[in-house]
Amino acid sequence: MLKNKIVLLGITGGIAAYKSAELARLLIKAGASVQVVMTDHALSFITPLTMKSLTGRPVYTSLFNPAYGSATIHIDLAREPHMFVVAPATANFLGKLAAGLGDDLLSTLFLAVEPQERPVLLAPAMNTAMFENPVVRENMERLRLRGFELADPDAGTLACGDVGKGRMVEPSQLLQLIREKLVSAAGVDYRGLTVLVTAGPTREPLDPVRFISNRSSGRMGYALARAARERGAHVILVAGPTALEPPPGVELYPVVSARDMHQKVMEKFPQAQIVIKSAAVADYRPAENSQQKIKKGRALTLKLVRNPDILQEIGSSKEKRFLVGFAAETENLRTNAREKMVRKNLDMIVANDLGQEGAGFAVETNIVQLLFKDGRVEALPRMSKYDLAHCILDRVKEQYGR
Ligand code: PMT
């Protein structure tokens, strides 16, 4: 999502400036280019060399520096970025921005930025008393009304020892906000489409306290649901048991067993144009679900019976729908995944290589190959499940549009 995006990162003078280095690192890792501008006060907390080393770009700190080779650096810097971020944003900087003052490079370049045209995210960080100051509050309100996004600071122990609200939002959360802003600025390419996503494991009961399941956490499916929703889709999420917070704005149906999932998916899939099945559905269930807790005996033999193959059933009546399956494999990744794609009549399959660290079940990242019906294969590097979700949606959109 952040590939080829340029983010201007303004750093002002607060102790949270050290976290800006981490934010720059996360942005670069996610594929963005980061252009740093620092105020004089920021230089007391973190050096331009740190930021230059992380971003690979020169760091600008002054309005009038002949070495920049431009007398209008404040305008030049405002032209290129897709998004502007100031983290940390001090009370002083917010006040200048709200009043339209330009007395250094950062505040002056912001006079050439229109938040309605390109997103601006400000991450205030200051002492609680300053944050609660009516003038500061008024400035923040004025900025919000003008279209600036403010990342509401966290509460906790502050640098001065006070406890209260004023800590800058953590870099990982800022990264998520930046992504969301860029996605909505890029447009909602899934508007008007209904996407059905399945996520998580299923649980197949043995008795009132035991079940057979697998290690799926639901992260991959939830990331897909979140990303599709951000891109404007109506999202139906059918999810097995997970501990995750549901993504906002999706129609969520929690289910437990494969048969529950089968029933809900068959009921809902006619509404969807795109179905993405990332759930790890149990292929088998115990033939009997004992009403009473099974007592310890000498040996216990379990008889298992097949569960319905939900995806295969949808594949046999897919009509014009676009179907994406997942395959989690420990061997013969491409051969096994392609066999599933053909057998289940899919348009695309996402093959996770479980042999690689950072791929598959219960981790934050994934390493996959995308296999398409026309024989093409795209191997993707390790990335977060959220970034992968956007990559998958990019490919689905290209194919579905044809
Ligand atoms: O939830 P996470 O911790 O983030 O992990 C993500 C994941 C590893 C579970 C996910 O990326 C993934 O690979 N999901 C599919 C895992 C799998 O076991 O696939 P499979 O080879 O059993 O099934 C192939 C496809 O058929 C899948 O799309 C599956 O949803 C579907 N299927 C399988 C069996 C069945 N009875 N009904 C189905 O619909």
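Once a new chain begins, its residue numbering starts again from 1 and follows that chain's sequence as written. For a predicted model such as this one, the threshold for reporting local features is a pLDDT of at least 70, and the threshold for listing and counting side-chain atom pairs is 80 or more; totals across whole chains, interfaces and linings nevertheless cover every residue. Where side-chain values are given, they derive from all heavy atoms of the structure, hydrogens and water being excluded.

Our focus in this paragraph is the overall build of the protein chain. Secondary structure summary: the protein chain contains 13 helices and 21 strands in total. Taken along the three principal axes of its C-alpha coordinates, the protein chain extends 80 × 50 × 35 Å. Total accessible area on the protein chain is roughly 19200 Å²; 50% of this is exposed by carbon and sulfur atoms. Counted charges follow a simple rule, with Lys and Arg positive, Asp and Glu negative, and His plus the chain ends left uncounted. By convention, charge coordinates are those of NZ in Lys, CZ in Arg, CG in Asp, or CD in Glu. In the protein chain, the 52 positive side-chain charges and the 42 negative ones have mean positions that sit 5 Å from each other. Helix and strand definitions follow DSSP, with helices as H or I runs of at least four residues and strands as E runs of at least two, each counted in order from the N terminus. Under the convention used here, a 1.4 Å probe and the Shrake-Rupley method define accessible areas, while residue burial counts only the protein chains that appear.

Let's shift gears to the pairing of strand E6 (residues 154-157). Across four bridges, the pairing between E6 and strand E7 (residues 163-167) is antiparallel. Looking across to E7, one finds that Thr157 is bridged to Val163. Strands were regarded as paired on the criterion that DSSP finds at least two bridges between them. Here E6 folds back onto E7, and the loop between the two strands holds five residues, one of which, Gly161, carries a positive phi near 100°.

Attention now moves to the side chain of Lys344. Within the secondary structure layout, Lys344 lies in the loop between helix H12 (333-343) and strand E17 (348-353). The contact definition used throughout considers only heavy atoms, calling two residues in contact when any of these lie within 4.5 Å. Apart from the residues lying within four places of it in its own chain, the contact partners of Lys344 are Asp309, Leu311, Gln312, Gly315 and Leu323.

As a further point, take the pairing of strand E16 (residues 322-329). Each regular strand shows side chains that alternate between the opposite faces of the sheet. Per-residue accessibility, obtained with a 1.4 Å probe over protein chains only, is compared with the maximum for each type, and a residue is labelled buried under 20%, exposed over 50%, and partly exposed between these values. Within E16, seven of the eight residues are buried, leaving the element largely enclosed by the surrounding structure. In the sheet, strand E13 (residues 274-277) pairs with E16 via four bridges, with the strands oriented parallel. Counted as the bridge partner of Ile274 is Phe322 from E16. Bridge analysis of E16 against E17 gives six bridges, and the strand direction is parallel. What sits directly across from Val324, in E17, is Met348. In the classification by handedness, the crossover that spans E16, the intervening H12 and the parallel E17 is right-handed. Orient the strands so they point away from the viewer, and a crossover whose first-strand-to-second-strand path over the helix runs clockwise is right-handed.

As a further point, take the domain arrangement of the protein chain. Reports often express the size of an interface as the amount of accessible area lost when the parts come together. We note that the domain assignment places domain 1 (6-186) and domain 2 (194-294 + 301-401) within the protein chain. Counting from both sides, the interface comprises five residues of domain 1 and, opposite them, seven residues of domain 2. The quantity reported as buried area is the accessible area (1.4 Å probe) lost by two parts once they are put together, taken as the sum for both. Carbon and sulfur atoms supply 49% of the area that domain 1 and domain 2 bury against each other, a total of about 420 Å² over both sides. Summed over the three residues of domain 1 that lose the most area to domain 2, namely Gln176, Arg179 and Val183, the buried surface amounts to 79% of that side. Salt bridge criterion: a side-chain nitrogen from Lys or Arg within 4 Å of a carboxyl oxygen from Asp or Glu. If you look at where domain 1 meets domain 2, you find one salt bridge. Where Asp387 meets Arg179, a salt bridge forms, and the shortest distance between an N and an O atom there is 2.8 Å. Residues belonging to the side of domain 1 that touches domain 2 are distributed by class as follows: two nonpolar, one polar and two charged. Bear in mind that the domain bounds are from an automatic or database domain assignment. Each residue gets one of three labels, nonpolar for Ala, Val, Leu, Ile, Met, Phe, Trp, Tyr, Cys and Pro, charged for Asp, Glu, Lys and Arg, and polar for the others, Gly among them.

As enumerated under the stated definition, the model contains 26 salt bridges in all. Put simply, Asp374 and Arg376 hold a salt bridge, and the shortest N to O gap is 3.1 Å. One salt bridge in this structure joins Glu398 and Arg395, with 3.3 Å as the shortest N-O distance. On the criterion of helical spacing, the pair formed by Glu398 and Arg395 is a turn pair, its members being three residues apart in helix H13 (residues 385-400). On the basis of relative accessible area, Glu398 is assigned to the partly exposed category, the value being 42%. By relative accessible area, which is 18% here, Arg395 ends up buried.

Each turn of an α-helix holds 3.6 residues, which means side chains three or four residues apart point in the same direction. What H12 keeps buried is the set Leu333, Ala337 and Met341. For H12, the buried positions fall inside an angular range of 55° around the axis, keeping them on one side. Away from its buried face, by an angle of more than 90 degrees, H12 presents the exposed residues Thr335 and Val342. Where the residues of H12 are buried, they touch E16, E17 and strand E19 (368-372). This arc describes the spread of directions from the helix axis toward the C-beta atoms.

So, on to the packing of helix H8 (residues 171-186) against H13. The packing of two helices is summarised by the inter-axis angle and the distance between the axes. As a packed pair, H8 and H13 sit with axes 12 Å apart at the nearest point and diverge in direction by 15°. The angle between H8 and H13 places the two elements in the roughly parallel class. Crossing hand, H8 versus H13: left-handed. Residues Gln176, Arg179 and Val183 of H8 form the contact with H13, whose participating residues are Tyr386, Asp387 and His390. In terms of residue class, the contact of H8 with H13 is made up of two nonpolar, two polar and two charged. As a rule, the C-alpha atoms of each element are fitted with a line to give its axis, helices using only the stretch in contact, and angles between N-to-C directions run from 0 to 180 degrees. For classification purposes, angles smaller than 35 degrees are called roughly parallel, those larger than 145 roughly antiparallel, those between 65 and 115 roughly perpendicular, and all remaining angles oblique. For any helix crossing, the convention is left-handed if the near helix is rotated counterclockwise from the far helix by under a right angle, and right-handed if that rotation is clockwise.

This brings us to the sheet that holds E13. Pairing is mixed in the open sheet, where eight strands are placed in the order E12-E11-E8-E13-E16-E17-E19-E20. Looking at which strands have only one partner, the edges of the open sheet turn out to be strand E12 (251-254) and strand E20 (377-379). Averaged over all pairs of adjacent strands, the angle between strand axes in this sheet comes to 15°, irrespective of strand direction. When E17 meets E19, the two strands line up antiparallel, connected through five bridges. Looking at the pairing, Ile349 lines up with Leu371 of E19.

All right, on to the site of the ligand then. Surrounding the ligand, one finds 26 residues, the nearest of these being Ser216, Ser217, Lys277, Lys340 and Asn352. Pairs of N or O atoms are called polar contacts if they sit within 3.5 Å, as long as, within protein, a hydrogen donor faces a hydrogen acceptor (for residues adjacent in sequence, only side-chain-to-side-chain pairs). In this structure, Ser216 approaches the ligand through a side-chain N or O atom, which is 2.6 Å from an oxygen atom. At a separation of 2.9 Å, an oxygen atom of the ligand approaches a polar backbone atom of Leu311. Here the ligand, which alone exposes 770 Å², has 96% of that area covered by the protein. Put simply, the parts of the chain that give the shell around the ligand at least two residues each are helix H9 (219-230), helix H11 (310-315) and E16. Broken down by element, the shell around the ligand gets its largest block of residues, three residues, from E16. Here the residues of the shell around the ligand are counted per class, giving eleven nonpolar, eight polar and seven charged. One heavy atom within 4 Å of a molecule or strand makes the whole residue count as near it.

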